[in-house]
Amino acid sequence: MEIITATIAAIVAILGGLFYKLRNTGPDVNGDGKINLEDAKAAVSKLKTEASVAATAVKSEVSNAKTALKSEAPNKIAKVTEKAKSVADVNKDGKVDLADVVAVATKRKKK
Ligand SMILES: [Ca+2]
Ligand SMILES: [Ca+2]
């Protein structure tokens with residue numbers, strides 16, 4: 001149970017962190033004091049880099065979880081998945097999707 005819950009929490013945190021970083025970037029993305037086309041390019045580049053970092057971290061978490069789950073009984077895993085879904089469903093609308101990641105990022109900012 002702890003394996004999936006921890007993995008989902010880690011993934012939500014990774015994605016929340018990604019959105020948090022991207023949200024907190026001002027218009028002068030490359031920090032040269034001017035706001036122009038170069039910042040749009042820098043924003044795309046930054047998005048690619050951050051998304052790639054997050055994707056790698058998520059893959060690593062999933063891989064760790066898969067390894068850990070090999071020792072768990074399959075009927076346990078179904079129950080665990082339900083539990084993990086309820087943990088990851090931050091805004092409690094019954095679905096685990098991008099809105100939950102945004103909810104996490106929003107929560108963090110308020111703190
Ligand atoms: Ca700039
Ligand atoms: Ca949700």
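Heads up: these notes are all about the structure in this document. This is a predicted model, so every value here is computed, not measured.

## Let's talk about the environment of N64
Point 1. One can find N64 in helix α2 (residues 37-69).
Point 2. For the pair N64 and A51, spaced 13 residues apart in sequence, the C-alpha to C-alpha distance is 20 Å.

## Thoughts on unusual backbone geometry
Point 1. Phi is positive for K92, which is not a glycine, with a value near 55°.
Point 2. Here K92 shows up in the loop between α3 (74-88) and α4 (98-110).

## Brief notes about the environment of S52
Point 1. Here S52 shows up in helix α2.
Point 2. When the 10 C-beta atoms within 10 Å are taken as the criterion, S52 is described as exposed.
Point 3. In the structure, S52 is positioned 42 residues away from G94 in sequence and 28 Å away in space, judged by C-alpha atoms.

Rules used throughout
- Once a new chain begins, its residue numbering starts again from 1 and follows that chain's sequence as written.
- Note on labels: chains are lettered from A, ligands numbered from 1, in written order.
- Only residues with pLDDT of at least 70 are given local features in this predicted model, and only at 80 or more are side-chain atom pairs given and counted; all residues enter the totals for whole chains, interfaces and linings.
- Helix and strand labels come from DSSP, where a helix needs a run of H or I of at least four residues and a strand needs a run of E of at least two; each type is numbered from the N terminus.
- Partly exposed residues are those whose C-beta has more than 12 but fewer than 20 other C-beta atoms within 10 Å; 20 or more makes a residue buried and 12 or fewer makes it exposed, with C-beta atoms placed from the backbone.

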